[in-house]
Amino acid sequence: MTEARIARVALPGPLDELFDYLPGVMGQPEPGTRVLVPFGRSRRVGILVEYAAECGCDPSRLKPVERALDPRPLFGPTDLTLIRWAARYYRHPLGDALFTALPVRLRESGPLLASGVAGIRLTAAGAALTPAELARAPRQQALLARLLESPEGLAQRNLADELGGITSALRALRAKGLVESCRLEPGAVASADSSAVLAAPELNPEQAAALAAVSEALGGFRPFLLDGITGSGKTEVYIRAIAEVVAAGGQALVMVPEIGLTPQLRERFRTRLPGPLAVLHSALAAGERERAWHQAASGEAPVVLGTRSAVFVPLPRLALIVVDEEHDPSLKQQEGFRYSARDLAVRRAQLVGCPVVLGTATPALETLHNVTAGRYHRLALPRRAGGARPPTINLLDIRNQPLRAGLSPVLRERMHAALATGGQVLLLLNRRGYAPVLTCHSCGWVGVCPDCDARMTLHLGERRLWCHHCGRIESVPRDCPQCGGPDLRMLGRGTERLEEGLTELFPGVRIARIDRDSTRRKGELTRLLAAVHRGEVQILLGTQMLAKGHDFPGVTLAGVIDLDHALYASDFRAPERTAQLIVQVAGRAGRAERAGEVVLQTRHPEHPLLQSLLREGYGGFARAALAEREAAQLPPFTYLALLRAEAPEQEAALAFLAAARAHAEPLCSPEVELLGPVPAPLSRRAGRHRAQLLVQCAQRPALQHFLAHWTPTLRALRRIKGVRWSLDVDPQEM
Ligand code: ADP
Ligand code: ZN
Ligand code: ZN
């Protein structure tokens, strides 16, 4: 008797349910395969998710799957389980979650790339030759010598990585009939030589202990926090652990918040680990991205380095996951499918049964809480690798101080001293543009964005007013638009203005500015960073981009121009983010032989956060902050979900949320609390009014249970014209 099987298929788009089909006559593809199915009057590409014994309807009305589009599944069983789990946890339509995890071309019916990779091998004539016979063509000789070592052939890309430009040498050898093309199966791709790994520095005892803990855990699930100050050698530990995994035939996944900002990290991975390295991030062209995805999914690439979305890339031999800068909020997707790549990395490791290493100098409070609760195992690297000394941190009270270009006399004096001894200076000002406010001195007019509750920032270089919230651009008025008066003044200071001021205060000193404006051109950031590394820049100023994982060994003084802005933000996570920023900036100073110095300018030197940070470091700050969170019953001691709504009218947004609340109340168990609706902190943005309703719960399962019942009612709510809404589980920004 044959089992009546129903094929359950996910379709792209905001569809929560799976669609049932008869398996069809083309054999039974495995779950994870793309299938072509009839849908209404058309056909669609879907992903076969599972087989079921029966469906809720009359099977005779089901249509059959037309055909499978792939010779083998694109997603393995754990890949599918992970995405299904994530879609459920973050209340996102499964079809959309699955399809966004695929390269663009595969979301349509495009075929998979040919399996295997382009390789080169010697012909019989080539194998009979000795390299000495090619002495007059050194490149051909090198190529021949390398190919003689690997009779099964070598990947063309690896050869190019290893030997540099090989195109003409290859053409010549081909013309002589000495080499030929072949296709290599992913498993057979010989890795680049591993001598670089051996040339690595000797680990200090803490690094060695951390590495030993991770390698002992290989083969089973174990989450680690690698808690190490900047420069303590975390990356070195990742590299060693990855090398071990790769040598044993496994794959490693390394996730970072932003790849564009850390070309150095990519280079280190490329040169220290056997390749090919698959790099995955959203700034790649679709074709590059697809090739990297394929290298990962086919198992050809042993190491995958990627941003958030890489957490979903299929990896058949996954044996280790690393999340670097695990505290960084950009690991949480802020629109559409709002998942936390860090949390999913831990979930994925659990499903696969492998260790996951969360590395940072400033652990998220959630992560520290997981350590305290015994769920994560902490590995500490308390000192700088290679003997560099940690910097001293000084609070500088700037009340009543004469500031020039925003710099107090003490900071200016410290800068001169650092420059005089050949050090580099790093200045952080977390505000881009020239001035955050343009105002009329006669009537008090202020340049505000007509579409947002926000001021327009003056960008002098581009001669325009720019809204940083909606992107609106206006030209700079010559005279006051309100009274016609000529006395328009710029208040406050952004990085552009700071740069101008520094040029005046430090004549002849070479200055580089790094922010989103100055690095918009492709390759510009890499160029600036390289100039800093070559010592061609003496003062480096910029926004928090500077605090993101760059390595500035020449910096001996780091200054934070204006801390107060961050101290008094409305989000309950503001203190945590501020402390992280300070510690990250401090980590950039004094990495080499010289001890560094950090100067924080503030008008609130007594602020308890600053005090705990100064006296007890990040660990002490985190303990204090966690105690506050516990007293206030905030995460990680409770769990949140935020329902956001926006509409052209504030009333519409609030009305939607009120209706949502009415549907929620009967579903609430006693531990689920509803707060709101209230207008959002930036209540008007891009011409739309925003409001929110917060759901808070002491237990994650109870919150999940509530959300599972509530979200369908939200989808079924009567449409209010113009209202758009979204649900954010574990929101990072409030
Ligand atoms: P992190 O990732 O914690 O910032 P890195 O791994 O980048 O630290 O190490 C900081 C610097 O110290 C790098 O230049 C690295 O090559 C060097 N380094 C790391 N470990 C050692 C070691 N055991 N001995 C000497 N130098 C080391
Ligand atoms: Zn005016
Ligand atoms: Zn705006």
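Model, not experiment: these values are computed from the prediction. (Residues numbered from 1 in each chain as written. Chains lettered and ligands numbered in written order. Predicted model: local features only at pLDDT ≥ 70, side-chain atom pairs only at ≥ 80, totals over all residues. Heavy atoms only, no water.)

Q: So what about the pattern of salt bridges? Which residues, and what values?
A: Overall, the coordinates contain 41 salt bridges when judged by the stated rule. E413 serves as the salt-bridge partner of R414, at 3.4 Å between the closest nitrogen and oxygen. Taking the relative accessible area as the measure of exposure, R414 reaches 27% and is therefore partly exposed. Owing to a relative accessible area of 42%, E413 belongs among the partly exposed residues under this scheme. R464 is paired through a salt bridge with E462; the nearest N and O atoms lie 3.7 Å apart. Judged by relative accessible area, R464 falls into the partly exposed class, the value being 23%. On the basis of relative accessible area, E462 is assigned to the partly exposed category, the value being 35%. Through salt bridges with shared partners, a single ionic network connects R432, E462, R464, D517 and R520. (Salt bridge = Lys/Arg side-chain N within 4 Å of Asp/Glu carboxyl O. Buried < 20%, exposed > 50% of the residue type's maximum accessible area, 1.4 Å probe, protein only.)

Q: Explain the sheet that holds strand β25 (residues 555-560) to me, and be specific about the residues and the numbers.
A: Reading across from one edge, β16-β26-β25-β17-β24-β23 is the order of the 6 strands in this open sheet, with parallel pairing throughout. Among the strands making up the open sheet, the edge pair consists of β16 (392-397) and β23 (511-514). On average, each strand axis in the sheet is inclined to that of its neighbour by 20°, with strand direction left out of account. With 5 bridges connecting them, strand β17 (residues 424-428) and β25 associate as parallel partners. Bridge pairing in β25 places L426 opposite A558. (Pairing = 2+ DSSP bridges. Helix = DSSP H or I, 4+ residues; strand = E, 2+ residues; numbered from the N terminus. Axes fitted to C-alpha atoms, helices over the stretch in contact; angles between N-to-C directions.)

Q: If you had to explain the side chain of H327 to someone new, which residues and values would you point to?
A: Considering the arrangement of structural elements, one finds H327 in the loop between β13 (318-324) and α13 (341-352). You can call H327 buried: its relative accessible area is 9%. Among the polar contacts made by the side chain of H327, one reaches the side chain of T360 at a distance of 2.8 Å. Looking at H327, its side chain comes within polar contact range of the side chain of Q584, at 3.5 Å. Apart from residues no more than four positions distant in its own chain, H327 is found in contact with T360, T362, P363, A364, R577, Q580 and Q584. (Polar contact = N/O pair within 3.5 Å; in protein donor to acceptor, adjacent residues only side chain to side chain. Contact = heavy atoms within 4.5 Å.)

Q: How would you explain the sheet that holds strand β30 (residues 724-729) if you had to name every residue and give the values?
A: Spatially, the 4 strands line up as an open sheet ordered β28-β29-β27-β30, and their pairing is antiparallel. Edge strands, defined here as strands with exactly one partner in the open sheet, are β28 (672-685) and β30. Each strand axis lies, on average, 20° off the axis of its neighbour in the sheet, ignoring direction. Both strand β27 (residues 639-647) and strand β29 (residues 688-697) contribute to a ladder of 9 bridges, which runs antiparallel. Residue pairing across strands places L640 opposite Q696, the latter belonging to β29.

Q: Any chance you could break down the packing of helix α1 (residues 77-89) against α13 for me, citing the residues and the numbers?
A: At a minimum axis separation of 10 Å, α1 and α13 run at an interaxial angle of 140°. One finds that α1 runs oblique with respect to α13. The hand of the α1/α13 crossing is right-handed. Between α1 and α13, the contacting residues are T78, D79, T81, L82, W85 and A86 on the first element and L344, R347, R348, L351 and V352 on the second. Its residues placed into classes, the contact of α1 with α13 shows 6 nonpolar, 2 polar and 3 charged. (Parallel < 35°, antiparallel > 145°, perpendicular 65-115°, else oblique. Left-handed = near helix turned anticlockwise from the far one by under 90°. Nonpolar A, V, L, I, M, F, W, Y, C, P; charged D, E, K, R; others polar.)

Q: Give me the lowdown on the site of ligand 1, citing residues and values where you can.
A: Residues in contact with ligand 1 amount to 17 residues; listed here are only the nearest, E202, Q207, G231, T235 and R268. In this structure, E202 approaches ligand 1 through a main-chain N or O atom, which is 2.7 Å from a nitrogen atom. Measuring from an oxygen atom of ligand 1, one finds a backbone N or O atom of G233 at 2.9 Å. A total of 560 Å² of accessible area belongs to ligand 1 in isolation, and the protein chains cover 75% of it. With 3 residues, helix α10 (residues 234-247) is the largest single contributor of residues to the shell around ligand 1. (Near = heavy atom within 4 Å. Areas by Shrake-Rupley, 256 points an atom, 1.4 Å probe, with all protein chains shown as cover.)

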